[in-house]
Amino acid sequence: MAHSRQTPEGSRRFAARFPEAAANGFFRLAQGRLMSTIGIGTYLGEPDEACDRRYEQAVEAAVRGGVNVIDTSINYRHQRSERSVGLALRRLFDSGAAARDELLVCTKAGFLTPGAVPGWLLESGEAAGRMHSIAPGFLEDQLQRSLANLGLETIDVYYLHNPETQLRFVSREVFEDRLLAAFTRLEQFCREGRIASYGVATWDGLRLKAEAPARLSLSRLVELARQAGGEDCHFRFAQLPFNLAMPEAFTRTHEPAPAGGASLLEMAARLGITVITSAPLLQARLAQGLPEAVRRAFPECATDAQCALQFARSAPGVTAALAGMSSAAHVDENLALRRVPPAPLERWLALFESA
């Protein structure tokens, strides 16, 4: 087992090994630690050995190239992505290429995964639609599996995965009761040292309009977490898609008055929540064929994929953009952005004005 978790000192040590990237703003300070503005995601791919090897190589190459934000989930490729990350981490630690306290390792629980469903769950009434659960006992089971898959004693960020899925099957009142119970158990995991912090990783919930049935309010989530863990609760992270085709975290009012008509990114900043964004390339759909206006907005980028990633990581309020990287070639292309700063705010905002 690899010991410890990411620490402020470890994150600074990691960034110091990449002085050119650091000078170009490749690392941002969040939760007292330096995090790479590009993280590696592990969602796509077949659940087979060939993809396992590609992910192992990609994770290792990404960390050796300056990435210290690693994202996975127990249900990605039926646990195989977690295991691929775990094997890559072991090689990195054994070789001295990275230390445990330098890396932010994140995973998720919520969806029922073949081969990882406790026998009691389906008959318990705690699996919404027989596909999703945030029951405390289920989270205990999933955490133990994820720790074993990753070969870690502590996970830095443990997300509830698309908790809005529950609202397709239960009332808002029941959902919030389940969230409070889940947050209470997650706070226990933090006290035990098995996770360092937690949050929600969503697809729709945090992007939806206020009247949408499956909408999640970030301020309400934090309120429930504080009920579970006090003012100094460990709810510290939120993940949601953000890209050229899905800019709602910046453009849509997330909290109406009296919160002041704030966007999700603004609300997160007020609440001290670190935002990690997903799908910057929208599963490769934004990797080519971008409008000329977008290319002109990011002249420092050589490819459309780099433009799309530059857009996501340059957004005000975004700490890191997760790019799916299942090969060393993907890593090389994406990490070319180490050599250029994030886009200036004025130029980034001008893209919206021209649109």
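This write-up is about the structure you can find in this document. Every value quoted in this text rests on a predicted model; they were computed, and no experiment measured them.

A few words on the overall build of the protein. Counting its regular elements, the protein contains 13 helices and twelve strands. In terms of overall dimensions, the protein is globule-like: its C-alpha atoms have a radius of gyration of 19 Å, near the 20 Å expected for 355 residues. Seen through its C-alpha atoms, the protein measures out along the principal axes to roughly 55 × 50 × 35 Å. Within the structure as shown, the protein displays about 14,000 Å² of accessible surface, and the carbon and sulfur contribution to it stands at 51%. The centroid of the 39 positive side-chain charges in the protein is displaced by 2 Å from the centroid of its 40 negative side-chain charges.

Attention now moves to the pattern of salt bridges. One pass over the structure, following the stated rule, counts 23 salt bridges. Note that Glu-248 and Arg-207 form a salt bridge whose closest N and O atoms lie 3.2 Å from each other. Taken as a pair, Glu-248 in helix α8 (residues 248–251) and Arg-207 in the loop between β7 (195–201) and α7 (218–229) lie far apart in primary sequence, 41 residues in all. Residue classification places Arg-207 among the buried residues on the basis of a relative accessible area of 11%. Residues joined in a network through salt bridges with shared partners are Arg-13, Arg-17, Asp-101 and Glu-102.

Take helix α6 (residues 172–192) next. Over its 21 residues, α6 runs 30 Å from end to end, which matches the ideal 30 Å to within 8%, given 1.5 Å per residue. Residues Phe-175, Glu-176, Leu-179, Ala-182, Phe-183, Leu-186, Glu-187, Phe-189 and Cys-190 constitute the buried set of α6. Taken down its axis, α6 places every buried residue within 150° of arc, on the same side. Residues of α6 that are exposed and point over 90 degrees away from its buried face: Glu-173, Asp-177 and Arg-191. Where the residues of α6 are buried, they touch α5 (136–150), β6 (155–161), β7, α7 and β8 (235–241).

What follows is about the packing of helix α3 (residues 49–64) against helix α4 (residues 80–95). Helix-helix packing is characterised by the crossing angle of the two axes and by the distance between the axes. Where α3 meets α4, the axes come as close as 8 Å, and the angle between the chain directions of the two elements is 45°. Comparing the axis directions of α3 and α4 gives the class oblique. α4 is crossed by α3, and the crossing has right-handed handedness. For the pair α3 and α4, contact is made by Glu-49, Asp-52, Tyr-55, Glu-56, Gln-57, Val-59, Glu-60, Val-63 and Arg-64 and by Arg-80, Ser-81, Ser-84, Val-85, Leu-87, Ala-88, Arg-91, Leu-92 and Ser-95, respectively. A per-class count over the contact of α3 with α4 returns seven nonpolar, four polar and seven charged.

One ladder, built from four bridges, connects strand β1 (residues 27–30) with strand β2 (residues 33–36); its direction is antiparallel. Counted as the bridge partner of Leu-29 is Leu-34 from β2.

This next bit is on the side chain of Gln-239. With respect to the helices and strands, the residue Gln-239 is situated in strand β8. Under the relative-accessibility criterion, Gln-239 is labelled buried at 5%. Discounting residues that sit within four places of it in the chain, Gln-239 has contacts with Asp-71, Lys-108, Tyr-159, Val-200, Ala-201, Thr-202, Leu-206, Ile-276, Ser-278 and Leu-322.

This part covers the side chain of Ser-36. Within the secondary structure, Ser-36 is located in strand β2. For Ser-36, the side chain forms a polar contact with the main-chain oxygen of Ile-38, separated by 2.8 Å. Apart from residues lying up to four places away in sequence, Ser-36 is in contact with Phe-26, Phe-27, Gly-66, Val-67, Asn-68, Val-69, Thr-319 and Ala-320.

Calculation criteria
- Residues numbered from 1 in each chain as written.
- Predicted model: local features only at pLDDT ≥ 70, side-chain atom pairs only at ≥ 80, totals over all residues.
- Heavy atoms only, no water.
- Helix = DSSP H or I, 4+ residues; strand = E, 2+ residues; numbered from the N terminus.
- Rg over C-alpha atoms; globule rule 2.2 N^0.38 Å.
- Areas by Shrake-Rupley, 256 points an atom, 1.4 Å probe, with all protein chains shown as cover.
- Lys, Arg positive; Asp, Glu negative; His and termini not counted.
- Charge placed at Lys NZ, Arg CZ, Asp CG, Glu CD.
- Salt bridge = Lys/Arg side-chain N within 4 Å of Asp/Glu carboxyl O.
- Buried < 20%, exposed > 50% of the residue type's maximum accessible area, 1.4 Å probe, protein only.
- Expected span 1.5 Å × (residues − 1).
- Arc of directions from axis to C-beta.
- Contact = heavy atoms within 4.5 Å.
- Axes fitted to C-alpha atoms, helices over the stretch in contact; angles between N-to-C directions.
- Parallel < 35°, antiparallel > 145°, perpendicular 65-115°, else oblique.
- Left-handed = near helix turned anticlockwise from the far one by under 90°.
- Nonpolar A, V, L, I, M, F, W, Y, C, P; charged D, E, K, R; others polar.
- Pairing = 2+ DSSP bridges.
- Polar contact = N/O pair within 3.5 Å; in protein donor to acceptor, adjacent residues only side chain to side chain.

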